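Listed below are the residues making up each chain.
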Amino acid sequence: MKKHLTRILTLVIALALVFSAMACASAQSAILGNAVQYDPAQPVNDGQPISIELWYWTGAANLFQAVADEYSALHPNVTITLVENPWDDYWTKLPLALQGQDGPAIFNVHNSYHENLIGYMAPYDIAVEDLENDFVGVSAHVIDGKVYYTDYGMMTATMYYNKAMWAAAGLTDADIPTTWDSFREVAKKLTIRNDKGELVQAGFSFNGGAQGDVLGMQYQYGQNLFTQDGKVSFNNEAIQTVIQRMKDIYEVDQSGDYNFGNNSGDNFGQGMIAMYLGWGFMHNLLKSNFPDTDFGSFEIPAPSEDVPYAYHRYNGESTFGVNKNASAEQQAVAQDIVRFFLANDALQKQFCLANSVFPAKKSLAADEDILNVSSIAVLANHIDRYIWPGPMPSAVENNMKIALEDIFYNGADISTALQSAEDTCNQELAMGDFVSVEPQYQYAAEAK
Amino acid sequence: MNAIHRRHPLRSSSEVVLRNLVVCGLCCFFILFFLVPIVVAFLGSFHLWNPLKGQYRFNGLTNWKMVFESSLFWRSMGNTFIFAAVAVLARVILGLLLSCALHSKTVRFLSTLRTLYYLPTITPMVAVAFVWKFMYDPQFGLLNQLLGAHINWLFDARYAMTAIVLLTIWKDFGYAVVILLGGLYSLPTDLYEAAGIDGANAAQKFRYMTLPLLKPTILFIVITSLISYFQTYIPVMVLTQGGPGTQTYLASYIIYDQAFVKYNFGYASAISFVLFLIIALLTGLSFRLSGQTEKER
Amino acid sequence: MQKQKASSGGSKGSGILLNAVLILFSLLTILPFLWMLSSSLKTNVEISALEQSFLPKAPTLQNYLNAIEKMNFLRYFFNSFAYAVAITVITLYTSSISGFVLCKYRFKGRQLLFSCILATMMVPGVVTIIPRYSMMQLAGWLDSWRALIVPSLFTSFGIFMMRQSCTGIPDEMLEAARIDGANEFYIFHRIILPMLQNALSSIAIFQFLWAWEDYLWPYLMIRSESKQVLSVALNMFSGRYSTDYAGLFAATSIAIIPVVICYLFFQRRFIEGIASSAVKG
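Looking now at the overall build of chain A. When helices and strands are tallied, chain A shows 17 helices and 17 strands. In terms of overall dimensions, chain A has C-alpha extents of about 75 × 65 × 45 Å along its principal axes. Expressed as a percentage of its 448 residues, the buried residues of chain A come to 56%. Nonlocal contacts in chain A, meaning residues at least 24 apart in sequence, comprise 74% of its contacts between residues at least 6 apart. When the accessible surface of chain A is split by element, carbon and sulfur atoms take 51% of a total near 18300 Å². When the 24 positive and 54 negative side-chain charges of chain A are each reduced to one mean point, those points stand 7 Å apart.

What follows concerns the packing of aromatic side chains. The way to describe two aromatic rings as a pair is by their centre distance and the angle between their planes. This structure, assessed with the given rule, holds 87 aromatic pairs over all chains. Ring centres 6.2 Å apart and planes at 55 degrees place the aromatic pair phenylalanine 204 of chain A and phenylalanine 206 of chain A in the tilted group. Judged on exposure class, the residue phenylalanine 204 of chain A and its partner phenylalanine 206 of chain A are both buried. Three or more aromatic residues joined by ring pairs form one cluster here, namely Trp180, Phe183, Phe204, Phe206, Tyr250, Tyr258, Phe408 and Tyr409 of chain A together with Phe155 of chain B. Over the ring of tyrosine 443 of chain A we find arginine 385 of chain A, and its NZ or CZ is 3.6 Å from the ring centre. Positioned over the ring face of tyrosine 208 of chain B is arginine 207 of chain B, at 5.1 Å from the centre of the ring.

Right, let's get into the interface of chain C and chain B. The interface is formed by 96 residues belonging to chain C together with 92 residues belonging to chain B. Interface of chain C and chain B: buried area, both sides summed, is about 8600 Å²; carbon and sulfur atoms make up 78% of it. For the chain C face of the interface with chain B, the top three residues by lost area are Arg106, Met122 and Ile130 of chain C, together amounting to 8%. One can count one salt bridge joining chain C with chain B.

Every contact between the two is made by 24 residues of chain A and, on the other side, 20 residues of chain C. In this assembly, chain A and chain C are joined by zero salt bridges. Contributing elements (two or more residues each) for the side of chain A that touches chain C: β3 (50-57), α3 (87-99) and α11 (282-289) of chain A. Counting residues per element, the side of chain A that touches chain C draws most heavily on α3 of chain A, which supplies eight residues. Here the residues of the side of chain A that touches chain C sort into twelve nonpolar, seven polar and five charged.

Now for helix α8 (residues 160-185) of chain B. Helix length check: α8 of chain B, at 26 residues, gives a terminal C-alpha distance of 38 Å against a target of 38 Å (1.5 Å per residue), a fit within 8%. Across the 26 residues of α8 of chain B, 23 count as buried, placing the element largely inside the fold.

Let us look at the nonpolar core. The biggest cluster of nonpolar side chains holds 333 residues, and the ones touching the most others in it are Phe234, Met275 and Phe408 of chain A, Phe260 of chain B together with Phe249 of chain C. Ignoring sequence-local partners within four residues, the contact set of methionine 275 of chain A consists of Tyr160, Tyr161, Trp166, Phe183, Val186, Ala187, Leu190, Gly203, Phe204, Ser205, Phe268 and Phe298 of chain A. Grouped together as the second largest cluster of nonpolar side chains are 13 residues, Ala202, Leu286, Phe290 and Phe295 of chain A included.

A separate point is the environment of phenylalanine 33 of chain C. Along the chain, phenylalanine 33 of chain C falls in helix α2 (residues 12-40). A relative accessible area of 5% means that phenylalanine 33 of chain C is categorised as buried. Distance from phenylalanine 33 of chain C to serine 253 of chain C, taken between C-alpha atoms, is 8.5 Å for residues 220 residues apart in sequence. The residues touching phenylalanine 33 of chain C, leaving out its near neighbours within four places in the chain, are Leu119, Pro120, Thr123 and Trp170 of chain B together with Ile256 of chain C.

It is worth spelling out helix α15 (residues 245-276) of chain C at this point. In α15 of chain C, a bend of some 65 degrees at glutamine 267 of chain C exceeds every other bend along the element. Burial analysis of α15 of chain C places 23 of its 32 residues in the buried class, the great majority of the element.

We now examine the pairing of strand β12 (residues 273-279) of chain A. Residues and elements named next belong to chain A. Counting buried positions over the seven residues of β12 gives seven, a clear majority of the element. Where strand β9 (residues 151-162) and β12 come together, five bridges link them in antiparallel fashion. Looking at β12, one finds that threonine 158 is bridged to glycine 278.

To continue, consider empty space enclosed by the protein. In total, this model carries seven cavities of 30 Å³ or more according to the counting rule given. Approximately 160 Å³ is the volume found for the second largest cavity. Every residue lining the second largest cavity is counted, 15 residues in all, and those nearest its centre are Glu428 of chain A together with Leu72, Ile254, Gln258 and Lys262 of chain B. Sorting the residues of the lining of the second largest cavity by element identifies α16 (394-408) and α17 (414-429) of chain A together with α12 (251-261) of chain B as the ones contributing at least two each.

Once that is clear, we can look at the domain arrangement of chain A. Residues and elements named next belong to chain A. Per the domain assignment, the segments of chain A are domain 1 (45-149 + 319-377) and domain 2 (156-314 + 387-446). Centre-to-centre separation of domain 1 and domain 2, based on C-alpha positions: 31 Å. Each partner contributes to the interface: domain 1 provides 15 residues, whereas domain 2 provides 18 residues. For the pairing of domain 1 and domain 2, the buried interface totals around 1100 Å² over both sides, and the portion due to carbon and sulfur atoms is 49%. Looking only at domain 1, the three residues that lose the most surface to domain 2 are Glu115, Ala140 and Ser375, adding up to 40% of its buried area.

Our focus in this paragraph is the sheet that holds strand β5 (residues 106-107) of chain A. Residue and element names in this part refer to chain A. Reading across from one edge, β4-β3-β5-β15-β6 is the order of the five strands in this open sheet, with mixed pairing throughout. Either end of the sheet is taken by a strand with one partner, and the two such strands are β4 (78-85) and β6 (121-122). Relative to strand β15 (residues 321-323), β6 runs antiparallel, the two being bridged by two bridges. Counted as the bridge partner of methionine 121 is asparagine 323 from β15. In the packing of α3 onto the sheet, the strands contacted are β3, β4, β5 and β15, and the crossing angle to β3 comes to about 140 degrees. Contacting β3, β4, β5, β6 and β15, helix α12 (residues 328-343) crosses the sheet at an angle of about 55 degrees to β3.

The rules behind the values
- Residues numbered from 1 in each chain as written.
- Chains lettered and ligands numbered in written order.
- Predicted model: local features only at pLDDT ≥ 70, side-chain atom pairs only at ≥ 80, totals over all residues.
- Heavy atoms only, no water.
- Helix = DSSP H or I, 4+ residues; strand = E, 2+ residues; numbered from the N terminus.
- Buried < 20%, exposed > 50% of the residue type's maximum accessible area, 1.4 Å probe, protein only.
- Contact = heavy atoms within 4.5 Å.
- Areas by Shrake-Rupley, 256 points an atom, 1.4 Å probe, with all protein chains shown as cover.
- Lys, Arg positive; Asp, Glu negative; His and termini not counted.
- Charge placed at Lys NZ, Arg CZ, Asp CG, Glu CD.
- Phe/Tyr/Trp six-rings, centres within 6.5 Å; stacked < 30°, edge-to-face > 60°.
- Lys NZ or Arg CZ within 6 Å of the ring centre and 35° of its normal.
- Buried area = accessible area lost by both parts, 1.4 Å probe.
- Salt bridge = Lys/Arg side-chain N within 4 Å of Asp/Glu carboxyl O.
- Nonpolar A, V, L, I, M, F, W, Y, C, P; charged D, E, K, R; others polar.
- Expected span 1.5 Å × (residues − 1).
- Core = buried A, V, L, I, M, F, W, Y, C linked by side-chain atoms within 4.5 Å.
- Bend = angle between axes of the 7 residues up to and from the residue.
- Pairing = 2+ DSSP bridges.
- 1 Å grid on protein atoms, 1.4 Å probe; cavity = no way out; pocket = protein on both sides within 12 Å on 5 of 7 lines; lining within 4 Å.
- Points joined across faces, edges and corners; volume = space filled by probe spheres on them.
- Domains from an automatic or database assignment.
- Axes fitted to C-alpha atoms, helices over the stretch in contact; angles between N-to-C directions.

Okay, here's the thing in structure tokens:
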């Protein structure tokens, strides 16, 4: 009897749930989200007409159009004007516009320009605990107990490989390397030279943009990029080892060449090279620019089979910023849009897929559509083993680029080049106020 | 004042009005848009100044010290000298050769040729720099195909600067051709006829007549070119970003990078003042060397 | 014509050789343009493919259509044109009137003023652009046409050229007009200006081209898309991760058309104008 009752009760509750869900859906006022919630029924700006600007950079107009359209559909009294700027222009114009009275109320953020923007941003009016409940990596974005923007996705480097070349070399899925030693063997097998010894197909290439590969690889040896007193560390054993290995792949293994193509990403698409370490965005770029190249991805190899301190660094794709100099009414609308965006899984997914980034929203971590993207899927097992060092100023990459080009193209000694880059970089860092967030990393204690 | 009165016995009130209007306008304009900005920038070079952050904090000689201690700046200054010297020289020589050739009476399709030579000058630099980047590609670039070479133009320390100079020369030689052609047209023809009767050959005429007569025009080109080549950054930005290593870093590329990428306006101002002084020095030197210090009128 | 040349030292053979060399050189000069034109008819996939051909395999006008439709290209085009024409007209007038006063009037400090104007040509643009920006911001002129035009009311280059050209006008001519009772405004507008036609043409070309190509200033000043100029808009083809080369090349190809027309239109006067001014150092 008791069993019977529970069964009936369950049925009733289930039915009630279904009905209420249907009722909500028909009224178009379903509350979105988990911890960060959004209630569309709540009027915005008391239902009075208001218009605000949303600024973003060129590249994914449809994403921002979707946000504007969906939001305006819920709140017809809000007019969102989208203003697009090319990437480079954006970072000049946005901070200057934010200084004045008539800047955009809400804008797209990238953490590499953190220093220039943070002074103009209003904190989210969402509780930090709620954000931490729904999103990973929030703690690195907390400033004095407040969040001004966080990540909706994490982008990092994965190894791309050309499937046709892989098969032609007699390799199978079982040959996918997990250590650098086995990677080098695979790279040799994928290298093809003609009778004269000239390279026809490189097994691996890092030409053009090697600084993106190197900065982050030192974590595999437990070495942080920044010291505790806030300085950058280039000239250390870990980075030297990484660079020496890159040289060996070309010079000892003969699996590639410094002059065989200048842009490994494009060269990979062009079918010149078989493997290439690229960041997440390459996935969509390759698909659109080189539709004939069939490629797959695997996780970046490590020094040994053990899980390292971290595989590489990641960089977040940021959520919107709110302009603290905008009028109170506009800020209220902007805050509402932020909440709407964060609570809306469909939008979150759309943004992640468009940028091929691993979703920061926990509810999307196992989403089928997202795991269908090979470059994202390979990260799923170890996504917690990637570090965000913080919004690094461009000086770090620029100086590493100089050092690497001096080593690879101008024959400079590894240690000398790294030391000189480190010195210049620290001089430039002294002009800003960058603080590394490496200590916030989940496994920070494992660092050397 | 007496001297002036003697020269212009008929100076009318309308002359005074016109003169005052123009002088006033000029003074206001140049004070507002040159003097004030220069003073502001000079003051700024003693500040930690980032307009994007709304930051303007006195930091004494820090920026200047950084400029003089920066090995990158001095290396790039050296690169800038080499770049400017080669580019100016090539511009003048190519300009002289082509303008003299075009001036010759045997040339056909004159206006077509003039237009074609001027075409690069009138095209936006950013766009053509991208075109050249493709042409320099080591694998499928047009240049290697034409030369039958395997040169990695933009990443080989021996060729990277050459690549940037080549693009600059191609972009700008038309300007020199047009200006020198203008100079050649203004030369007195009777002098040449006289020389012809005296039996001077073409080379002699060029050496002893054309060249000295064109000297002011050449000086004009040298100076305007020097000024603009000391401020070149777009080809570097598009082609090499200063690489490989620091081989193609130019002083103004650092300024551009510091001012409009990193927004360290204070530091950028200090560098641009050093550059300004060097340009002024060089310009003075060119005048001195040519012995042509404002003789005419 | 060739006979005339032959008598003055050259031979017919060397004349043909000279022509051949000049034509060959002009072909080399326009090679990058031809490459750009041909690439503007390719897709991005073809532009970045390993197998390259000079001519497009399957020519498409899609890049041009995209530029015109999506980019609001005609709007930018019109803005650039209006901006360049406005600046050209204004500087032509201010340069010639300043050049005239500085050349023909004697007054205290004239030489100093002229030297100062010349000296401003040596100031690197980067030194002044930053404070100029702040001034425009203070004046509340950002995102307006005033901000583009006012800083270009006078140009040292134009004043310099015009002053040099004015030296070619005999003083007696002015004196004659003065004796006839003409006032200075009449003399300048009715007598001097018409005589400066050639020099005006050459400055017009230089100025128009500079305004047309001007990038950094409009880029900093103009915010709204409806007021943006073409040179800045060309930047829209460079995305964050990659550049739409085909689109850029198509847009650039269209962008240079008015410039070429402007040049062709003025070119004869252009060279003669230079002959009358810059030469005299």
